[in-house]
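Fold and contact review
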Amino acid sequence: MGVPSGEIVARPMVARACGCLQEFQHYAVDKYRAQRLAKFQKTRCTVCVAKLVEEQRQAAAAIPKKGEAFQLLPTGTQVSMTRKPDGSWSGTLAGGGTSVEAVGDGPQGLSVTLARLWVTARGSRPAPRPAPKPG
Ligand SMILES: [Zn+2]
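Below is a summary of the structure that appears in this document. A quick note: this is a predicted structure, and the numbers were derived from the prediction, not measured.

Brief notes about the overall build of the protein
- Secondary structure assignment for the protein yields four helices and seven strands.
- The secondary structure elements of the protein, listed N-terminal to C-terminal, are β-β-β-β-α-α-α-β-β-β-α.
- The buried share among the 135 residues of the protein stands at 10%.
- Residue pairs in contact within the protein that sit at least 24 positions apart in sequence constitute 36% of those at least 6 positions apart.

This is the structure:
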């Protein structure tokens, strides 16, 4: 893409993919203004990109590793897995009042997926809160 040159002749406020309004600069010489504008509208602003990257990093960090996920499952957790006609597996995991479902290529990977899903569904707080006594 050619680099725009010349004076900035207009600075309209344009909504970006994230919904933020940002100044889009119209250069005097810009063969690719339409393309630049389309790209501008299709992408997030730098602030939102940074936010998104940080959120994804935190989300990735919050997902427990294989061994950790199994450690976090409460006593009495039950897993059931079913092999389907197409060779894939579907499974459910229920423990501590939370149940999750997933599908996978094999029982091993699926059990890990289920354990991680369960932990994520519970909100990554491993310490079980003592149940409040009724009355
Ligand atoms: Zn934004």
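Side note on the sheet that holds strand β7 (residues 98–104)
- Here three strands make up an open sheet; going across it, the order is β5-β6-β7 and the pairing antiparallel. Each edge of the open sheet is held by one strand with a lone partner, namely β5 (78–83) and β7. Taken over all neighbouring pairs, the strand axes of this sheet differ in orientation by 15 degrees on average, direction set aside.
- Bridge count between strand β6 (residues 89–95) and β7: seven bridges; the pairing is antiparallel. Note that in β7 the partner of Ser90 across the bridge is Val103.
- Those strands touched by helix α4 (residues 107–122) are β5, β6 and β7, and its axis lies near 145 degrees from that of β7.

So, the pairing of strand β1 (residues 5–10)
- Of all the six residues making up β1, zero are buried; the element is thus mostly uncovered.
- Examined bridge by bridge, β1 and strand β4 (residues 26–29) share three bridges and lie antiparallel to one another. Directly across from Ile8, in β4, lies its bridge partner Tyr27.

Concerning the pairing of β6
- Judged from the six bridges that link them, β5 and β6 form a sheet pairing that is antiparallel. Note that in β6 the partner of Thr82 across the bridge is Ser90.
- Linking β5 back to β6 in an antiparallel pair, the connection comprises five residues, with Gly87 at a positive phi of about 95 degrees.
- Here β6 folds back onto β7, and the loop between the two strands holds two residues, one of which, Gly96, carries a positive phi near 60 degrees.

Quick word on the nonpolar core
- Judged by nonpolar contacts, Ala69, Leu72, Trp89, Leu93, Ala102, Leu110, Leu114, Ala115, Trp118 and Val119 together constitute the single largest core of 10 residues.
- The biggest single contributor to this core is α4, with five residues.
- With residues near it in sequence (within four places) discarded, Trp89 still touches Met81, Thr82, Arg83, Lys84, Val103, Gly104, Gly106, Pro107 and Leu110.

Side note on the environment of Val103
- Positionally, Val103 belongs in strand β7.
- Spatially, the C-alpha atoms of Val103 and Ser88 are 7.1 Å apart, while their sequence positions differ by 15 residues.
- Excluding anything up to four places from it in sequence, Val103 contacts Ser88, Trp89 and Ser90.

What to know about helix α2 (residues 46–62)
- If you check α2, its first and last C-alpha atoms are 24 Å apart, about what 17 residues at 1.5 Å a residue would give, namely 24 Å.
- Along α2, only zero of the 17 residues are buried, which leaves the element largely exposed.

Basis of the calculations
- Residues numbered from 1 in each chain as written.
- Predicted model: local features only at pLDDT ≥ 70, side-chain atom pairs only at ≥ 80, totals over all residues.
- Helix = DSSP H or I, 4+ residues; strand = E, 2+ residues; numbered from the N terminus.
- Buried ≥ 20, exposed ≤ 12 C-beta atoms within 10 Å, placed from the backbone.
- Contact = placed C-beta atoms within 7 Å.
- Pairing = 2+ DSSP bridges.
- Axes fitted to C-alpha atoms, helices over the stretch in contact; angles between N-to-C directions.
- Core = buried A, V, L, I, M, F, W, Y, C linked by C-beta atoms within 7 Å.
- Expected span 1.5 Å × (residues − 1).

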